[in-house]
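Notes for the structure review
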Amino acid sequence: MSHADKCVLARLCTLREGPKCSTLCGSYIAMHGHNGEGGRIGNGNLPAAYLLVTLDNSPARTEQSEIYGSLSVYVRTFTRQFGDETKPEPIKSLYLYSRTPGTGKTTTAAALLSEWITVHYVGSLRRGQQPVERPAYFLDINGWQTDYNEFNRPRVPEHIAEPAAARYYAARQRAMTVPFAVLDDIGVREPTEGFRADLHSVINARVTAGLPTVYTSNVPLDELHTVFGERRLADRIRDLCMEFTFKGESHRGMRKV
Ligand SMILES: Nc1ncnc2c1ncn2[C@@H]1O[C@H](COP(=O)(O)OP(=O)(O)O)[C@@H](O)[C@H]1O
Ligand SMILES: [Mg+2]
């Protein structure tokens, strides 16, 4: 593996695989940090397995070729983030759905997140602007719910409850305000009232502010209201949102390392 394979910017980079393509490269550090786990991609909170996925190298690309064709058009709208503030052009949200797990939804969402960060980073430099430290954020809804449950159990010791609550509320704040977010697996069944309210407040904040979001789910968009327990929020998600249905069998557990 050359160093270029460890950097999501490589495909755009004129220095790739040259003598300057190393862990010392400033753009590499800006994207991945000194150790490959930081930088703007690290701040994006992607699960480790998805850190280097791009639309070009995504393992789901061949099987979901039709969707990837549409996505290559969609990502061109990401430059609208630099648009005229007085006349902003909206960037759509996406709803990636399949009933079966393991069809590449999370992989694709991760690739889109890294695409957004890349466009933000390169586009900011071109415009002589400082790229923000966290252009995008990945929220794993199941992991977030685990944190919620951890501090809401009866008689939970303080040293367990406190860090879980801190993580939980930091994630909530980031997911509500970050320019681009992935909300991974939003079709959680049987959430408690409190958790459901927080998930809804995140979605609501983003839709209201016109911030683009990639949702992944094993519940189709037109059934989401049954999981949410209300129609209003599910209807709001539909606004300026494209739904893609991922096909095929599960690839989980088939990964060659
Ligand atoms: N169409 C595909 N072809 C090959 N591998 C795939 C495909 N879709 C997913 N994978 C692999 O299967 C695993 C699960 O994919 P993931 O994106 O997490 O699925 P989902 O979010 O739809 O449940 C990952 O290791 C991914 O690389
Ligand atoms: Mg998934």
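Numbering of residues begins from 1 in every chain and follows the order in which that chain's sequence is written. To read the labels, note that chains go from A and ligands from 1, taken in the order they are written. Reporting in this predicted model follows two pLDDT cut-offs: at least 70 for local features of residues, and 80 or more for side-chain atom pairs to be given and counted; totals over whole chains, interfaces and linings ignore these cut-offs and use all residues. Side-chain descriptors were evaluated using all non-hydrogen atoms of the structure, hydrogens and water having been removed beforehand.

Some remarks on helix α4 (residues 105-126)
Keep this limit in mind: Going along the chain from the N terminus, every DSSP run of H or I of four or more residues is numbered as a helix, and every run of E of two or more is numbered as a strand. To estimate the expected span of a helix, subtract one from its residue number and multiply by 1.5 Å. Here the term buried applies to any residue with accessible area under 20% of the maximum for its type, exposed to any over 50%, and partly exposed to those in between, with areas from a 1.4 Å probe on protein chains only.
Taking 1.5 Å per residue, 22 residues should reach 32 Å; α4 reaches 31 Å between its end C-alpha atoms and fits that length. Most of α4 is tucked away: 19 of the 22 residues are buried. Just downstream of α4 lies G128, where phi reads positive at about 70°.

Looking at the pairing of strand β1 (residues 93-97)
The line we're drawing: The rule for pairing is simple: two strands pair if DSSP sees at least two bridges between them.
Of all 5 residues in β1, 5 are buried, a share of seventy percent or more. Side chains S93, Y95 and Y97 project from β1 onto one buried face, and the interleaved L94 and L96 project onto a second face that is buried too. Examined bridge by bridge, β1 and strand β5 (residues 241-245) share 5 bridges and lie parallel to one another. Bridge pairing links Y97 to T245 in β5. Inspection of the sheet shows β1 paired to strand β4 (residues 213-217) by 4 bridges, in the parallel sense. Considered in β4, the bridge of Y97 is made with S217.

Focus on the sheet that holds β5
Quick reminder of the rule: For helices, the fitted line uses only the C-alpha atoms of the stretch in contact; every axis is such a line through C-alpha atoms, and the angle between N-to-C directions lies from 0 to 180 degrees. The contact rule is simple, with two residues in contact once any of their heavy atoms fall within 4.5 Å.
The sheet built from 5 strands is open, its strands ordered β2-β3-β4-β1-β5 with parallel pairing. At either margin of the open sheet sits one strand with a lone partner, and together these are β2 (136-140) and β5. Taken over all neighbouring pairs, the strand axes of this sheet differ in orientation by 15° on average, direction set aside. Taken together, the 3 bridges between strand β3 (residues 180-184) and β4 define a ladder with parallel strand orientation. Opposite A181, over in β4, you have T213 as the bridge partner. Helix-sheet contacts for helix α5 (residues 141-151) involve β2 and β3, and the interaxial angle to β2 is about 65°.

Overview of the domain arrangement of the chain
How we decide: Either an automatic procedure or a domain database provided the assignment from which the domain bounds are taken. The term buried area denotes the loss of accessible surface (1.4 Å probe radius) that occurs when two parts are joined, taken as the sum for both partners. The term salt bridge refers to a side-chain nitrogen of Lys or Arg lying within 4 Å of a carboxyl oxygen of Asp or Glu. Pairs of N or O atoms within 3.5 Å make up the polar contacts considered here, provided that, within protein, one atom can donate a hydrogen while the other can accept it, and that residues adjacent in sequence are counted only when both atoms are side-chain atoms.
When its domains are assigned, the chain resolves into domain 1 (1-36) and domain 2 (48-245). Distance from the C-alpha centre of domain 1 to the C-alpha centre of domain 2: 26 Å. Contact with domain 1, which involves 13 residues of that partner, is made by 10 residues of domain 2. At the boundary of domain 1 with domain 2, total buried surface from both sides reaches about 850 Å², with 68% on carbon and sulfur atoms. By the criterion of area lost to domain 2, the three top residues of domain 1 are V8, R11 and M31, representing 55% of everything that side buries. Counting the contacts that link domain 1 with domain 2 gives 2 salt bridges. Here R11 ties to E115 by a salt bridge, and the two come within 2.8 Å at their closest N and O atoms. Where domain 1 meets domain 2, there are 2 residue pairs in polar contact (both at pLDDT 80 or more).

Structural notes on the nonpolar core
Side chains that are nonpolar tend, in soluble globular proteins, to be buried together. Rules: We define the nonpolar core as a collection of buried residues of types Ala, Val, Leu, Ile, Met, Phe, Trp, Tyr and Cys that are connected through side-chain atoms lying within 4.5 Å of one another.
Core analysis: the biggest nonpolar cluster contains 39 residues, and Y74, L112 and F180 have the highest contact counts within it. Looking at this core, the elements with two or more residues in it are α1 (26-32), α3 (65-74), β1, α4, β2 and β3. Broken down by element, this core gets its largest block of residues, 9 residues, from α4. Three or more residues apiece are contributed to this core by two domains, here domain 1 (1-36) and domain 2 (48-245). When residues no more than four places from it in sequence are discounted, the contact partners of L112 are L55, L71, Y74, V75, F78, L94, F180 and V214. The next biggest cluster of nonpolar side chains, apart from the first, holds 36 residues, and it includes F195, L199, V207 and A234.

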